[in-house]
There are 2 protein chains.
Amino acid sequence: MKCLIIAAGKGSRLQQRGDSKPLVPILGIPLIERVIRSAMEAGADEFYVVIGYQGERVRLFLERLADRLVIRITPLVNDDWDKENGVSILKARDVLREPFLLLMADHLFDPNLVRPLTTMTLGDGEVVLVVDRNTRNPLVDMEDVTRVKVEDNGPMERKKIRDIGKGLADFNGFDTGIFLCSPAIFKALEQSKEKDGDATLSGAVQLLAAAGHAKAIPTDGFWIDVDDPAAFQKAEQALLKRLRDKPNDGPVARYLNRPLSVWISRYLVQRNVTPNQISLFSFLCSLLAAGLFALGGYFALFLGGVLAQFASIIDGCDGEVARLKYQSSDFGGWFDAVLDRYADAFLLFGLTWHLLVVEVNGWILFVGFMAIIGSFMLSYTADKYDNLMRERIKTGGKAGLRMGRDVRVFLIFLGAVANMVLPVLVLIAVVMNLETLRRVSIARNAQY
Amino acid sequence: MKCLIIAAGKGSRLQQRGDSKPLVPILGIPLIERVIRSAMEAGADEFYVVIGYQGERVRLFLERLADRLVIRITPLVNDDWDKENGVSILKARDVLREPFLLLMADHLFDPNLVRPLTTMTLGDGEVVLVVDRNTRNPLVDMEDVTRVKVEDNGPMERKKIRDIGKGLADFNGFDTGIFLCSPAIFKALEQSKEKDGDATLSGAVQLLAAAGHAKAIPTDGFWIDVDDPAAFQKAEQALLKRLRDKPNDGPVARYLNRPLSVWISRYLVQRNVTPNQISLFSFLCSLLAAGLFALGGYFALFLGGVLAQFASIIDGCDGEVARLKYQSSDFGGWFDAVLDRYADAFLLFGLTWHLLVVEVNGWILFVGFMAIIGSFMLSYTADKYDNLMRERIKTGGKAGLRMGRDVRVFLIFLGAVANMVLPVLVLIAVVMNLETLRRVSIARNAQY
């Protein structure tokens, strides 16, 4: 599916962030790259970008981006970038002769908002707009947003748009800037310009709406028009907030680690650090913590405990930076998991050693061994084999404790800081192995 | 797809094994059940079985089998079971009005032989026979087999059958007893009976062949007619041999453990033991071995080593018995893997303890820890995540050592018997962790 993106305007209200608005980085990635990446995720695979103000810089950036992502991006030059946005769209008239996605370079959005458009069959001469039904959306600038009035009766799916415009008093949704257009849009733009002297996209949609050819797809998902510093801040917050909604996070991750790691990731994305480097750094912190444990003495134990918890927090950043910078990879997730297993084992071994330095005792050795093997088994039973078994464990295990890595390291931290190493080792040994046993029983029963 | 199975004959040459041939168990499972299970695997889902000699016993067995497998099995009674096999087939005339599979209750086969028949579109009035092209097949009784002459020119796929019969001098294949029939077979049987006085299936196929309606599908896969004690022995050997062809087996498994475990499984299938019970028994042997290690002293060490290797051999039986008795399950594989991880860890912990009893030494403790974690990581990296990562490691790792569990336990056995525990622990610690590192590097490079 082809996709047209309007990136010609000056964006003067965001000038403090950079002279070319499409190239303004938000959490490390330029706006236009975020829009193109999200559109790709939704199914677009060929791009046309109308450039204007600072066009040469944008063109160069897009050239390199096309190489990096191995896609085609065709720049279309609009020297009249200070005119209305319809003028920009008309530059694509000769190259787009089939239905196409129309997006704005400064509108960020969840790919799920675009996805329904990519599988839709468009009626003759039709235009479909994704309309935000949440008229109290806090991310929307009520002064500046384009308002939409959609036909009211019944469910809203693909209802006719009655009216569209900034000043609308009677409205029930917002223009998200996400369109699926038939080439009829070009004719509508010409007409609107000639008849009403209105060369805006809204003007053209209004004309199509009058003819019953403008339709709406409702949404309440994430989108934001990054128009001024206030919106920019809101967008940054929204992107960061989405990192925190990970359903698999345990309690410690959710309430302690994640808020801190997101706060750190916000700075890391500005630096030239890869997610795998972050994983490795976190691992080295854990190794150092294990070494401190093994040294013996409360001071080293305390330091090690704090460092272990710090490493556990940093351990969240690799995935966050990867998602913010579109650097997620199968290898990255796998590498992180492998390092985590080593880190867990070393931390528990360090604690065991810490006790053995004071007193050589077979029971301590045995408890340490059981804690290490129990922790390992917990990860192993969760991942081993296929998703089927994982599903069974999840489904059958709702009442069970969430004893993930976040809780494990937090217990180690508490044990070290409170100088209660043996009780914590015993606790981990007992809980981890019992949970493994519980999983075996769940998986066994689920098979019938 | 419907499937007709002929199970009416007396099978007097196999009387020594049991009075009802279809119910004669081979490696713990009656012949007729093996045929039905294999047909199910190939895609058949509704069965008609012609019963005759000892018909009531067979009918009762099929009733319970249908309950167990949750399928429909309809018995068709042939009181003239001492007549030719065509008489049995004609009993299905009124119930089979569409193309159906035709199988013999005493012919075992690889489901792959039947699979192509289940997706084939049959020409009008056609019959297709799977023909064994290996005229030197050692599983075939040359005196008794039905010979086939297939049109010779070009590739054999769906060529015309020219002639079929036991006495054929000019032949290039064998009748495997696996057919896909259109209902035309019934008319051909009637004709052959009336015209030539030949009420055998071969007679009917000969008639169809003369009209150009009998086709052949070539194979060189596994099938055997279990007709007499000699064939029964061959069939047993062939089923056992198939257990040994596991491409994932390491060198110790392939050349030492598997031959022994198959030999043991042969007896276990006769007993009422489940695969999971075997897994558990092997695990308990490993635990006992670990305990013997920890006792200290060479005698206990030696015994423990032998017991550990014995447990490793038994560990192959669970999967073998499961496959022989159609008891494979996702849970079984998962359970076995979980127990193996515990067993590995306990064995290595036992060895470490064995050394620490003599001399408490931090290095020994560290080596033991690294051996345990390294062994774990090897299993974890292989299974963690998805098949994708496993594929990468496999593809990129052809030159690498096969350091599976079989090798690990064998090293432990050697170290214990030779009283060289520390060197073996060091070896395992080094090799397992280096191999993990190698996998990380392979997985990393494979992503580009």
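Fair warning: this is a prediction, and the values are worked out from it, not measured in the lab.

**Student:** Just to check I follow, could you spell out the overall build of chain A for this structure?
**Tutor:** Within chain A one finds 16 helices and 13 strands. With the principal axes as the frame, chain A shows a C-alpha extent of 95 × 50 × 40 Å. Residues counted as buried form 50% of the 448 residues belonging to chain A. Sequence separation of at least 24 residues holds for 77% of the intrachain contacts in chain A that already meet a minimum separation of 6.

**Student:** Got a minute to help me understand the nonpolar core in this structure?
**Tutor:** Nonpolar side chains tend to gather and get buried jointly when the protein is soluble and globular. The biggest cluster of nonpolar side chains holds 283 residues, and the ones touching the most others in it are Leu101 of chain A together with Leu101 of chain B. Residue contacts for Leu101 of chain A: discarding those within four places in its chain leaves Met1, Cys3, Leu4, Ala39, Ala44, Val114, Leu117 and Leu180 of chain A.

**Student:** Sorry, what's going on with unusual backbone geometry here?
**Tutor:** Both trends apply: most residues other than glycine have a negative phi, and most peptide bonds are in trans. With a phi close to 55°, Asn419 of chain A is a non-glycine residue in the positive phi region. Within the element layout of this structure, Asn419 of chain A appears in the loop between helix H15 (405-417) and helix H16 (421-446). Classification of Asn419 of chain A by C-beta neighbours within 10 Å gives exposed; the count is 10. One non-glycine residue, Gln54 of chain B, adopts positive backbone phi at about 55°. As for its position among the elements, Gln54 of chain B is in the loop between strand E4 (46-51) and helix H2 (55-69). With 20 C-beta atoms counted inside 10 Å, the residue Gln54 of chain B sits in the buried group.

**Student:** Teacher, can you tell me more about the domain arrangement of chain A here?
**Tutor:** Interface size is commonly expressed as the accessible area that is lost once the parts come together. Residue and element names in this part refer to chain A. Split into domains, chain A comes out as domain 1 (2-227) and domain 2 (246-446). Here the C-alpha centre of domain 2 lies 45 Å away from the C-alpha centre of domain 1. Listed as interface residues are four residues of domain 1 and, on the opposing side, six residues of domain 2. Its residues assigned to classes, the side of domain 1 that touches domain 2 shows two nonpolar, one polar and one charged.

**Student:** Help me out: how do you make sense of the confidence of the model for chain A in this one?
**Tutor:** Low-pLDDT portions of the prediction should not be read for the details of their coordinates. Averaged over chain A, the pLDDT score is 90; the fraction of residues at 70 or greater is 94%. Overall fold confidence (pTM) sits at 0.85, and the ipTM for the predicted complex is 0.82.

**Student:** Could you clarify how one ought to interpret the pairing of strand E12 (residues 214-219) of chain B in this entry?
**Tutor:** Residues and elements named next belong to chain B. Counting buried positions over the six residues of E12 gives five, a clear majority of the element. Pairing between strand E8 (residues 127-132) and E12: six bridges, direction parallel. Across the sheet, residue Val128 finds its bridge partner in E12, namely Lys215. Judged from the two bridges that link them, strand E10 (residues 159-165) and E12 form a sheet pairing that is antiparallel.

**Student:** Got a minute to help me understand helix H8 (residues 251-268) of chain B in this structure?
**Tutor:** Residues separated by three or four positions in an α-helix point in the same direction, a consequence of the helix having 3.6 residues per turn. Residue and element names in this part refer to chain B. The terminal C-alpha atoms of H8, which comprises 18 residues, lie 24 Å apart, in line with the 26 Å expected from a rise of 1.5 Å per residue. Bending of H8 peaks at approximately 50° at the position of Asn257, with proline Pro259 no more than four residues after it. Buried residues of H8: Val252, Ala253, Asn257, Arg258, Ser261, Ser265, Arg266 and Leu268, and no others.

**Student:** Is there a simple way to think about the packing of helix H5 (residues 184-196) of chain B against helix H6 (residues 201-210) of chain B in this case?
**Tutor:** Residues and elements named next belong to chain B. For the pair H5 and H6, the least separation of the axes is 8 Å and the interaxial angle reads 100°. Considering the angle they form, H5 stands roughly perpendicular to H6. Facing Ile185, Ala188, Leu189, Gln191, Ser192 and Asp196 of H5, the residues of H6 in contact are Gly203, Ala204, Leu207 and Leu208. In terms of residue class, the contact of H5 with H6 is built from six nonpolar, three polar and one charged.

**Student:** Mind showing me how you'd approach the environment of Pro183 of chain B here?
**Tutor:** Residue position: Pro183 of chain B is located in the loop between strand E11 (173-181) and H5. When the 14 C-beta atoms within 10 Å are taken as the criterion, Pro183 of chain B is described as partly exposed.

**Student:** It is not clear to me how helix H7 (residues 229-244) of chain A should be interpreted in this structure. Could you clarify?
**Tutor:** Between its first and last C-alpha atoms H7 of chain A spans 23 Å; for 16 residues at 1.5 Å apiece the expected length is 22 Å, and the two agree. At its buried positions, H7 of chain A is contacted by strand E2 (25-26), strand E7 (107-109), strand E13 (223-225), helix H8 (251-268) and helix H11 (317-324) of chain A.

**Student:** Sorry, what's going on with the pairing of strand E9 (residues 147-150) of chain B here?
**Tutor:** If a strand is regular, its side chains alternate between the two faces of the sheet. Residues and elements named next belong to chain B. By the alternation rule, side chains of E9 split into Arg147 and Lys149 and Val148 and Val150, which are all buried. In the sheet, E9 pairs with E10 via four bridges, with the strands oriented antiparallel. Within the sheet, the bridge partner assigned to Lys149 lies in E10 and is Asp163. Strand direction decides the pairing type here: E9 and E11, joined by two bridges, are antiparallel. Across the sheet, residue Arg147 finds its bridge partner in E11, namely Phe174.

**Student:** Before we go on, may I ask you to explain the packing of helix H9 (residues 275-295) of chain A against helix H10 (residues 298-314) of chain A in this structure?
**Tutor:** The packing of two helices is summarised by the inter-axis angle and the distance between the axes. Residues and elements named next belong to chain A. In contact at an axis separation of 8 Å, H9 and H10 are set at 165° when each is read in the N-to-C sense. Classified by the interaxial angle, the pair formed by H9 and H10 is roughly antiparallel. Crossing hand, H9 versus H10: left-handed. For the pair H9 and H10, the contacting residues are Ile278, Phe281, Ser282, Cys285, Ser286, Leu288, Ala289, Leu292, Phe293 and Leu295 in the first and Ala300, Leu301, Leu303, Gly304, Leu307, Ala308, Phe310, Ala311 and Ile314 in the second. Its residues assigned to classes, the contact of H9 with H10 comprises 16 nonpolar, three polar and no charged.

**Student:** Please explain the environment of Gly177 of chain B as it appears in this structure.
**Tutor:** Residue and element names in this part refer to chain B. Relative to the helices and strands, Gly177 resides in strand E11. Note on Gly177: 24 C-beta atoms within 10 Å, which makes it buried. As for Gly177 and Asp106, which are separated by 71 residues in sequence, their C-alpha atoms are 9.4 Å apart. Setting aside chain neighbours within four positions, we find Gly177 in contact with Leu103, Met104, His107 and Asp225.

**Student:** Help me understand the environment of Ala311 of chain B, please; the structure alone is not making it clear to me.
**Tutor:** Residue and element names in this part refer to chain B. Structurally, Ala311 can be placed in helix H10 (residues 298-314). The class for Ala311 is buried, based on 23 C-beta atoms found within 10 Å. With 27 residues separating them in the primary sequence, Ala311 and Leu284 have C-alpha atoms 8.3 Å apart. Apart from the residues within four sequence positions on either side, Ala311 is in contact with Ser282, Cys285, Ser286, Ala289 and Ala343.

Conventions and cut-offs
Residues numbered from 1 in each chain as written. Chains lettered and ligands numbered in written order. Predicted model: local features only at pLDDT ≥ 70, side-chain atom pairs only at ≥ 80, totals over all residues. Helix = DSSP H or I, 4+ residues; strand = E, 2+ residues; numbered from the N terminus. Buried ≥ 20, exposed ≤ 12 C-beta atoms within 10 Å, placed from the backbone. Contact = placed C-beta atoms within 7 Å. Core = buried A, V, L, I, M, F, W, Y, C linked by C-beta atoms within 7 Å. Domains from an automatic or database assignment. Nonpolar A, V, L, I, M, F, W, Y, C, P; charged D, E, K, R; others polar. pLDDT = per-residue confidence, 0-100. Pairing = 2+ DSSP bridges. Expected span 1.5 Å × (residues − 1). Bend = angle between axes of the 7 residues up to and from the residue. Axes fitted to C-alpha atoms, helices over the stretch in contact; angles between N-to-C directions. Parallel < 35°, antiparallel > 145°, perpendicular 65-115°, else oblique. Left-handed = near helix turned anticlockwise from the far one by under 90°.

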